[in-house]
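Coordinate inspection notes
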Amino acid sequence: MTRYEYDEEASEAWHMDVVHEVDDSPTPVSRWVDAMRRLNTINDPLARKLLALHRDCGAGTGVCDSLDDDPDPMDRRSTWGCETTGLIADHFGVEYPQGSPSDRP
């Protein structure tokens with residue numbers, strides 16, 4: 001989806017209307033932020049504590065990122081988040097999309 005934005009400064013400098021085309025499709029970061037907002041709607045106290053514990057998993061600094069028994073470390077997997085976060089989201093009916101670790105801000 002594309003939209004257009006009016007550029008006031010360029011319009012004033014060029015003495016004509018200047019409009020820029022802006023790509024409105026969701027970015028990986030916006031997808032991650034939307035997923036986090038949906039997870040924040042979960043009010044169960046235990047789920048909140050578990051989500052807080054696993055918040056950074058997939059970024060290389062989370063609790064699941066340093067597991068030695070897993071042949072494929074979290075930061076090399078093709079999804080962000082961890083299985084725990086995905087299970088909690090699924091249990092509470094929260095949409096939690098899959099994405100690559102580079103999708104994280």
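All values derive from a computational prediction rather than experimental measurement.

On to a nonpolar patch on the surface. A contiguous nonpolar patch, built from Tyr4, Tyr6 and Val19 and spanning about 360 Å² of accessible area, is present on the exposed surface. Considering the arrangement of structural elements, one finds Val19 in strand 2 (residues 19–23). Overall, the relative accessible area of 46% leaves Val19 in the partly exposed class.

Turning next to the side chain of Ser11. Within the secondary structure, Ser11 is located in helix 1 (residues 8–14). In terms of polar contacts, Ser11 uses its side chain to reach the backbone carbonyl oxygen of Asp7, at 2.7 Å. In contact with Ser11, not counting residues within four places along its chain, are Tyr6, Met16, Asp17 and Val18.

What follows covers the nonpolar core. Judged by nonpolar contacts, Trp32, Ala35, Met36, Leu39, Ile42, Ala47, Leu51, Ile88, Ala89, Val94 and Tyr96 together constitute the single largest core of 11 residues. Per-element tally for this core: the top contributor is helix 2 (residues 28–39), with 4 residues.

What counts, and at which threshold
Residues numbered from 1 in each chain as written. Predicted model: local features only at pLDDT ≥ 70, side-chain atom pairs only at ≥ 80, totals over all residues. Heavy atoms only, no water. Patch = residues over 30% accessible without salt bridge, like charges linked within 9 Å, V, L, I, M, F, W, Y side chains within 5 Å. Areas by Shrake-Rupley, 256 points an atom, 1.4 Å probe, with all protein chains shown as cover. Salt bridge = Lys/Arg side-chain N within 4 Å of Asp/Glu carboxyl O. Helix = DSSP H or I, 4+ residues; strand = E, 2+ residues; numbered from the N terminus. Buried < 20%, exposed > 50% of the residue type's maximum accessible area, 1.4 Å probe, protein only. Polar contact = N/O pair within 3.5 Å; in protein donor to acceptor, adjacent residues only side chain to side chain. Contact = heavy atoms within 4.5 Å. Core = buried A, V, L, I, M, F, W, Y, C linked by side-chain atoms within 4.5 Å.

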